Amino acid sequence: MRITTQNGQVVLQADHMPVTADVRHLTDIQMRALGVSRVAYIKPVIVEGEGAFAIHAADGTPMALTEDQDTAIEAILQHEMIPTLLH
């Protein structure tokens, strides 16, 4: 299975047929197909009384902290991962 993004959508290609999926509505099977190395979650957090944004792998493993959401998104995209926001 090959996974890419196209116009903000996740495109899963299996058996020579692309399937477009909205990342907000992925099934359990699609989420597992993306794998930990492909998806990173951004979550607003408070660190030492200051607002920050935590970046976590799909399995919840903490990866980084940033001062703002845009920096978190840029860092994830630079590592060829798919950013997902958590509220």
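This structure is a prediction, so every number in the text was calculated from the model and none was measured.

Calculation rules
Sequence positions are assigned chain by chain, starting from 1 and proceeding in written order. Two thresholds apply to this predicted model, a pLDDT of at least 70 for residue-level local features and 80 or more for giving and counting side-chain atom pairs, whereas whole-chain, interface and lining totals are computed over all residues. Heavy atoms throughout the structure, all of them, feed into the side-chain values; hydrogens and water do not. For the purposes of this entry, the term helix denotes a DSSP run of H or I that reaches at least four residues, the term strand denotes a run of E that reaches at least two, and both are numbered from the N terminus. We define a polar contact as two N or O atoms separated by no more than 3.5 Å, with the added condition that, inside protein, one atom must be a possible hydrogen donor and the other a possible acceptor, whereas residues neighbouring each other in sequence contribute only through side-chain atom pairs. Whether two strands pair comes down to DSSP finding at least two bridges between them. Think of each axis as a best-fit line through the C-alpha atoms, taken over the contacting stretch in the case of a helix, with angles from 0 to 180 degrees between the N-to-C directions.

A. Looking closely at the side chain of histidine 56. Positionally, histidine 56 belongs in strand 5 (residues 50–57). A distance of 3.2 Å separates a polar atom in the side chain of histidine 56 from the backbone oxygen of glycine 60.

B. The sheet that holds strand 6 (residues 62–66), seen in detail. Within the open sheet, the four strands sit side by side as 6-5-4-7. Their pairing is mixed. The open sheet terminates on both sides in strands that have one partner only, identified here as strand 6 and strand 7 (82–85). Ignoring strand direction, the axes of neighbouring strands in this sheet form an average angle of 35°. Sheet topology note: the strand 4 (residues 39–47)/strand 7 ladder contains four bridges and is parallel. Bridged to valine 39 within strand 7 is isoleucine 82.

C. Representation of the pairing of strand 6 within the structure. Across four bridges, the pairing between strand 5 and strand 6 is antiparallel. Bridge pairing in strand 6 places phenylalanine 53 opposite threonine 66. The turn linking strand 5 back onto strand 6 is made up of four residues, and glycine 60 within it adopts a positive phi angle of 95°.

These figures come from the coordinates and say nothing about function on their own.
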